[in-house]
Amino acid sequence: MNQQPLFQVKDLKKYFQSGKVVTKAVDGVTFDIYPGEVVGVVGESGCGKTTCGRTVIGLYDKDGGEVLYKGKDVHRLRGAEYSAYCREVQTIFQDPYASLDSRNDVCTLIAEGLDIHKLVSSKAERLEKVKELMAKVGLHASGLHRYPHEFSGGMRQRIGIARALAVDPKFLLCDEPISALDVSIQAQIINLLMDLRETEGLTYLMISHDLSMVKHVSDRIIVMYLGKIVESCPAEELYEQPAHPYTKALISAIPIADPEVERSRQRIILTGQVPSPSNKPKGCAFAGRCQYVTERCRQEEPELREVAPGHLAACHLYNR
Ligand code: SF4
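Cut-offs used in this document
- Residues numbered from 1 in each chain as written.
- Predicted model: local features only at pLDDT ≥ 70, side-chain atom pairs only at ≥ 80, totals over all residues.
- Heavy atoms only, no water.
- Near = heavy atom within 4 Å.
- Nonpolar A, V, L, I, M, F, W, Y, C, P; charged D, E, K, R; others polar.
- Axes fitted to C-alpha atoms, helices over the stretch in contact; angles between N-to-C directions.
- Helix = DSSP H or I, 4+ residues; strand = E, 2+ residues; numbered from the N terminus.
- Contact = heavy atoms within 4.5 Å.
- Pairing = 2+ DSSP bridges.
- Parallel < 35°, antiparallel > 145°, perpendicular 65-115°, else oblique.
- Left-handed = near helix turned anticlockwise from the far one by under 90°.
- 1 Å grid on protein atoms, 1.4 Å probe; cavity = no way out; pocket = protein on both sides within 12 Å on 5 of 7 lines; lining within 4 Å.
- Points joined across faces, edges and corners; volume = space filled by probe spheres on them.
- Expected span 1.5 Å × (residues − 1).
- Buried < 20%, exposed > 50% of the residue type's maximum accessible area, 1.4 Å probe, protein only.

Draft legend 1. Broad picture of the site of the ligand. With respect to spatial proximity, the complete set of residues near the ligand consists of His244, Pro245, Cys284, Phe286, Ala287, Cys290, Tyr292, Cys297, Pro302, Cys315, His316 and Leu317. Residue classes in the shell around the ligand are distributed as ten nonpolar, two polar and no charged.

Draft legend 2. Quick peek at the packing of helix H4 (residues 106–116) against helix H6 (residues 153–165). Taken N-terminus to C-terminus, the directions of H4 and H6 make an angle of 35 degrees; their axes are 6 Å apart at the nearest point. Listed contacts from H6 to Val106, Leu109, Ile110 and Glu112 of H4 are Ile159, Ala162 and Arg163. Of the residues in the contact of H4 with H6, the class split is five nonpolar, no polar and two charged.

Draft legend 3. Seen up close, the sheet that holds strand S6 (residues 89–92). One open sheet accounts for eight strands, arranged S6-S7-S8-S3-S9-S10-S12-S11; its pairing is mixed. At either end of the open sheet lies a strand with only one pairing partner, and these are S6 and strand S11 (305–308). Between one strand axis and the next, the sheet turns by 25 degrees as a mean value, whatever way the strands run. Strands in contact with helix H2 (residues 79–88) are S6 and strand S7 (171–175); relative to S6, the strand with the most contacts, it is inclined by about 40 degrees. The strands touched by helix H10 (residues 245–252) within the sheet are strand S9 (220–225) and strand S10 (228–234), with S9 carrying the most contacts at an inclination of about 110 degrees.

Draft legend 4. Region of interest: the packing of H6 against helix H7 (residues 183–200). Interhelical geometry of H6 versus H7 gives an angle of 15 degrees and a closest axis separation of 10 Å. Our classification of the angle between H6 and H7 gives roughly parallel. As H6 runs across H7, the sense of the crossing is right-handed. Contact residues: Gly154, Gln157, Arg158, Ile161 and Leu165 in H6; Ile185, Gln188, Ile189, Leu192, Leu193, Leu196 and Glu200 in H7. Residues that form the contact of H6 with H7 fall into these classes: seven nonpolar, three polar and two charged.

Draft legend 5. Region of the structure containing empty space enclosed by the protein. If you walk through the whole model with that rule in mind, you get one cavity of 30 Å³ or more. Estimates place the volume of the largest cavity at around 40 Å³. Lining the largest cavity are Glu44, Ser45, Gly46, Cys47, Tyr225, Leu226 and Val274. For the lining of the largest cavity, a count of residues per class yields four nonpolar, two polar and one charged.

Draft legend 6. Structural view of H6. Between its first and last C-alpha, H6 extends 18 Å over 13 residues, near the 18 Å set by a 1.5 Å rise per residue. The element H6 is extensively covered by neighbouring structure, given that ten of its 13 residues are classed as buried. Of the positions making up H6, those classed as buried are Gly154, Arg156, Gln157, Arg158, Ile159, Gly160, Ile161, Ala162, Ala164 and Leu165. Each element contacted by the buried residues of H6 is listed here: S6, helix H3 (96–99), H4, helix H5 (123–136), S7 and H7.

Draft legend 7. Structural detail: the environment of alanine 253. Tracing the chain through its elements places alanine 253 in the loop between H10 and helix H11 (259–264). By relative accessible area, which is 45% here, alanine 253 ends up partly exposed. Measuring from C-alpha to C-alpha, the distance between alanine 253 and cysteine 86 comes to 38 Å, with 167 residues separating the pair along the chain.

Draft legend 8. Structural view of the environment of cysteine 174. With respect to the secondary-structure elements, cysteine 174 resides in strand S7. Separated by 83 residues in the primary sequence, cysteine 174 and threonine 91 place their C-alpha atoms 5.9 Å from one another. Non-local contacts of cysteine 174, meaning those with residues more than four positions away in its chain, are made with Ile92, Leu193, Tyr204, Leu205, Met206 and Ile207.

Written as structure tokens, this is what we have:
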């Protein structure tokens, strides 16, 4: 791409220390996010994807590396630049109920960003703007003075999205945005997010353990394992030609709607335990679960390298 990336993530590290134990939750992660893109981050629970997303946008301090937003160091923004950044970069979390203050009504919740950033000049303008935001996310204005507990999970997530949109963001970090919702509601929220991508010109970092959802919405996908990127490429290519044995196993576990195809395909069952991020083994972190493991894998950590144009994988199978 010729464009300047919106985010440039370079060798990012985030460690957590408890006593003498250091957990390397994010351990040298590098990728870019371009304007208008949806970048998916997938991996099993504990792979570091949530910590990665939060460190990228500056919710967590970093322990190494760098994140640039429009060329500026996210972790060093101050004053007016920081304030502008806080408007442009918003978050949608898994549990909308936990992120909505139950003492406030919907109007107050949605207007919070408008008030903080002084984006409206009168009460009437504020009310109009809130109503407009509610309509944008499919909420009826009759819910204006109701409280979060009066809404279903899907409606609460819509309130959360309206709150984020209030400050006219450029980028949304979506961390498991549908995993707390009923299956019947999940597609509605994803469709809303994708519609907003077009109408609002948004860019997304979409973090999820749900590969079929990520496949559906992403332009590019990053697969994480034990704090590192093990594969990254355009979404379709990842599903059609996965390179890393871990990705192949994850993809083989996605159910297929066609029962004939489902019956005829081979599942790769992952055995063995994920090593502890506080006690990583020497060599490839996936070695204990990989059917292709060799002695080299146990000794030497594979580097993330290009295995096809725009397709990166960290596996010795591609570097003999
Ligand atoms: Fe498997 Fe070796 Fe590749 Fe690791 S480097 S994924 S153990 S083949």
